[in-house]
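Report on the structure
Spelled out from the first residue to the last, the chains are:
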Amino acid sequence: MAKDRVGAAARGATTIADRVVAKIAARAAREALDAVPEEGSAPHASVVVHRDVARVSVSLELDYPSDIGRQCGAVRGRVRHRVEELAGIEVHEVAVHVERLHSAHTAHQRKRGRLA
């Protein structure tokens with residue numbers, strides 16, 4: 001029976017679509033954040049995979065004030081770890097773009113009908 005086993009290279013290959021890797025990256029970014037701003041959007045990601053190496057770009061919104069550097073670092077680490085763990089794709093770069101900062105003060109003013 002052991003003679004009939006086919007080697008891994010002869011069985012074929014599994015290809016994971018870039019959009020699937022992007023969903024993993026976006027979910028990982030959300031997990032790494034302290035919180036998604038109340039009026040903000042969840043993180044979204046785009047990915048380019050070439051020869052089993054990924055370059056990831058994550059866009060997100062943060063509360064203000066917050067430790068932006070720490071949160072971006074946490075996102076980079078979590079995205080790299082989860083993509084490598086779940087998709088088996090090496091991640092060479094994770095670019096984090098902070099699109100908007102949400103101030104609790106401005107959100108409170110907006111709810112009251114005026115913006116200072």
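Located above this text is the structure these notes cover.
Sequence positions are assigned chain by chain, starting from 1 and proceeding in written order. Note on the predicted model: pLDDT of at least 70 is required for a residue's local features to be given, and 80 or more for side-chain atom pairs to be given and counted; whole-chain, interface and lining totals, by contrast, use all residues. Water and hydrogen atoms were dropped before computing side-chain values, which therefore reflect all heavy atoms in the structure.

Examining the pattern of salt bridges
- We define a salt bridge as a contact between a side-chain nitrogen of Lys or Arg and a carboxyl oxygen of Asp or Glu at a distance within 4 Å. All told, the structure shown has seven salt bridges when counted by the stated rule.
- The partner of R70 in a salt bridge is D34, with the nearest N and O atoms 2.6 Å apart. Highlighted residues: R70 in helix 3 (residues 68-87) and D34 in the loop between helix 2 (18-32) and strand 1 (44-50), separated in sequence by 36 residues.
- When accessible area is computed with a 1.4 Å probe and restricted to protein chains, residues below 20% of their type maximum are described as buried, those above 50% as exposed, and intermediate ones as partly exposed. Accessibility expressed as a relative area gives 43% for R70, which makes it partly exposed.
- Look at D34 and you get exposed, because its relative accessible area is 52%.
- Here E85 and R82 are joined by a salt bridge, their closest N and O atoms 2.6 Å apart. Placement of both E85 and R82 in helix 3 is noted, with a separation of three residues, approximately one turn of the helix.
- By relative accessible area, which is 46% here, E85 ends up partly exposed.
- One connected set of salt bridges, linked through shared partners, spans R27, E31, R78, R82 and E85. Secondary structure elements are taken from DSSP: a helix is a run of H or I of four residues or more, a strand is a run of E of two residues or more, and numbering for both begins at the N terminus.

Overview of the nonpolar core
- We call a set of buried Ala, Val, Leu, Ile, Met, Phe, Trp, Tyr and Cys residues a nonpolar core when their side-chain atoms join them within 4.5 Å. V56, V58, L60, V75, V79, V83 and V94 are the most contacted members of the largest nonpolar core, which has 23 residues in total.
- Contributions of two or more residues to this core are made by helix 2, strand 2 (53-64), helix 3 and strand 3 (90-103).
- Contact between two residues is taken to exist if any of their heavy atoms lie within 4.5 Å; hydrogens are not considered. Residues contacting L60, with those up to four places away along its chain left out, are L33, P43, V75, V96, H97, V98, E99 and R100.

Quick word on the side chain of Q71
- As for its position among the elements, Q71 is in helix 3.
- Judged by its relative accessible area of 3%, Q71 is buried.
- Pairs of N or O atoms within 3.5 Å make up the polar contacts considered here, provided that, within protein, one atom can donate a hydrogen while the other can accept it, and that residues adjacent in sequence are counted only when both atoms are side-chain atoms. Separated by 3.3 Å, the side chain of Q71 and the backbone nitrogen of D34 make a polar contact.
- If we skip the residues at most four places from it in the chain, Q71 touches L33, D34, L62 and S66.

Here we look at helix 2
- Spanning 15 residues, helix 2 covers 21 Å between terminal C-alpha atoms, matching the ideal 21 Å at 1.5 Å per step.
- All of the buried residues along helix 2 are V21, A22, I24, A25, A26, A28, A29 and A32.
- Its buried side turned inward, helix 2 meets strand 1, strand 2 and helix 3. Helix span, expected: 1.5 Å multiplied by one less than the number of residues in the helix.

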